[in-house]
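Observations on chain architecture
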Amino acid sequence: MPLDDQPRRWHLPPGQPQWQEQQPAEGSPPLAPWLEEKLFDRRIVILQGTVNGAAATRTAAALLTLDAQGPDPVELHLRSPDGDLDAVFAIIDALDIMHAPVHALATAEIGGAAIGLYAVAPHRKAFPHTRFRLREPRTAGISGNAEDVANAAGQHLRALDDLIVRIAEATGQPRNRVEDDLSRGRQLTAEEAREYGLVNEIVAPGKKGDRT
């Protein structure tokens with residue numbers, strides 16, 4: 001029985017636009033090896049598409065390798081409409097133990113569990129047309145007996161609780177507001193996300209620093 005069938009609030013308020021979601025990471029064209037190597041040499045890690053287990057393993061390994069190479073800042077370029085909670089927390093755990101500062105750059109769209117991943121970076125930038133969807137992470141279908149489903153549901157809710165706390169700490173928003181916004185599927189422009197406390201800096205064309 002999929003956990004999505006539980007009576008939680010998954011629907012967006014009337015009148016809000018429905019964004020077309022991207023395909024999962026495994027369906028996205030991979031970066032050319034030479035380009036990925038060039039970016040890695042510049043201490044840049046790219047994460048695009050839905051954050052799944054394989055993507056989390058690659059990303060965490062790249063981040064920790066760069067951290068071991070020295071204390072210079074690492075850039076994490078993130079474009080993801082959602083992510084598996086366990087996979088997202090695998091990357092968050094890696095970020096938590098890194099000594100090198102991580103600067104996150106949001107591109108195109110960030111949503112679901114990926115919002116929490118973006119939020120834990122100590123410095124967060126976004127392109128002007130990036131859009132953010134505060135939405136409860138969806139769960140994969142779970143098979144098994146009633147006890148298996150109940151245990152999985154409990155684990156999911158505990159992880160969701162942790163995610164809400166991390167977003168609230170990063171943005172300065174009250175926890176109950178973050179929880180309500182995730183339940184309603186609130187959508188934010190880059191400027192609105194900055195006002196919310198999620199984005200520190202909007203990258204304007206030809207400029208560095210905050211967009212005013």
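Anyway, here's the lowdown on the structure attached to this text. In this text, all values refer to a predicted model and were calculated from it rather than measured experimentally.

Within the protein, the regular secondary structure consists of 7 helices and 7 strands. Residue burial in the protein is summarised as follows: out of 212 residues, 45% are buried. For the protein, the proportion of contacts with a sequence separation of at least 24, taken over those separated by at least 6, is 72%. Accessible surface, the protein as shown: approximately 11,200 Å² in total, 52% of it carbon and sulfur.

This part is about the side chain of Gln 173. Here Gln 173 lies in the loop between α5 (146-171) and α6 (175-184). A polar contact is formed between the side chain of Gln 173 and the side chain of Arg 177, at a distance of 2.9 Å. The residues contacting Gln 173, other than those within four sequence positions of it, are Ala 168, Val 178 and Tyr 196.

The next point concerns the environment of Glu 109. Within the element layout of this structure, Glu 109 appears in strand β3 (residues 102-111). Considered as a pair, Glu 109 and Ala 126 are 17 residues apart in the sequence and their alpha carbons are 9.6 Å apart.

This part covers α6. All of the buried residues in α6 are Val 178, Asp 181, Leu 182 and Ser 183. Once α6 finishes, Gly 185 follows within two positions and takes phi at roughly 70°, a positive value.

Burial of β3 is extensive: 8 of the 10 residues sit out of reach of the surface. Here 6 bridges tie strand β2 (residues 74-80) to β3, and the two strands are oriented parallel to one another. Its bridge partner lying in β3, Leu 76 is registered against Ala 104. For the crossover that starts at β2, traverses helix α3 (residues 85-97) and ends in the parallel β3, the hand is right-handed. Pairing of β3 with strand β4 (residues 123-126) involves 4 bridges; the strand directions are parallel. Bridge pairing links Ala 106 to Ala 126 in β4.

The subject of this paragraph is the nonpolar core. Judged by nonpolar contacts, the single largest core of 50 residues is most densely connected at Tyr 118 and Phe 132. At 7 residues, the largest contribution of residues to this core is made by α3.

Tallying each qualifying case throughout the model produces 8 salt bridges. Between Asp 181 and Arg 177 there is a salt bridge, with the nearest N and O atoms lying 3.8 Å from each other. Here the residue Asp 181 and the residue Arg 177 both occupy positions in helix α6, the gap between them amounting to 4 residues, near one helical turn. On the basis of relative accessibility, which here comes to 34%, the residue Arg 177 falls in the partly exposed class.

Looking at the element boundaries, Ala 106 is found in strand β3. Residue classification places Ala 106 among the buried positions, given a relative accessible area of 0%. The sequence separation of Ala 106 and Leu 78 amounts to 28 residues, and the corresponding C-alpha distance is 5.1 Å. Not counting chain neighbours up to four residues away, the residues in contact with Ala 106 comprise Leu 78, Tyr 118, Lys 125, Ala 126, Phe 127, Thr 130 and Phe 132.

Here the focus is the packing of helix α2 (residues 53-69) against α3. Interaxial distance between α2 and α3 falls to 8 Å at its minimum, and their mutual angle equals 5°. By the criterion of interaxial angle, the relationship of α2 to α3 is roughly parallel. Together, Gly 53, Ala 56, Thr 59, Ala 60, Leu 63, Leu 64 and Asp 67 of α2 and Ala 87, Ala 90, Ile 91, Ala 94, Leu 95 and Ile 97 of α3 make up the contact between the two elements. A per-class count over the contact of α2 with α3 returns 10 nonpolar, 2 polar and 1 charged.

Phi is positive for Arg 43, which is not a glycine, with a value near 65°. Inspection of the secondary structure assignment puts Arg 43 in the loop between α1 (33-41) and β1 (44-48). Judged by its relative accessible area of 12%, Arg 43 falls in the buried class. Backbone geometry places Ala 108, a non-glycine residue, at a positive phi of 65°. For Ala 108, the position within the fold is in strand β3. Exposure remark for Ala 108: the relative accessible area of 34% places this residue in the partly exposed category.

Reading the values: the criteria
Residues numbered from 1 in each chain as written. Predicted model: local features only at pLDDT ≥ 70, side-chain atom pairs only at ≥ 80, totals over all residues. Heavy atoms only, no water. Helix = DSSP H or I, 4+ residues; strand = E, 2+ residues; numbered from the N terminus. Buried < 20%, exposed > 50% of the residue type's maximum accessible area, 1.4 Å probe, protein only. Contact = heavy atoms within 4.5 Å. Areas by Shrake-Rupley, 256 points an atom, 1.4 Å probe, with all protein chains shown as cover. Polar contact = N/O pair within 3.5 Å; in protein donor to acceptor, adjacent residues only side chain to side chain. Pairing = 2+ DSSP bridges. Right-handed = clockwise from strand over helix to strand, strands pointing away. Core = buried A, V, L, I, M, F, W, Y, C linked by side-chain atoms within 4.5 Å. Salt bridge = Lys/Arg side-chain N within 4 Å of Asp/Glu carboxyl O. Axes fitted to C-alpha atoms, helices over the stretch in contact; angles between N-to-C directions. Parallel < 35°, antiparallel > 145°, perpendicular 65-115°, else oblique. Nonpolar A, V, L, I, M, F, W, Y, C, P; charged D, E, K, R; others polar.

These figures come from the coordinates and say nothing about function on their own.
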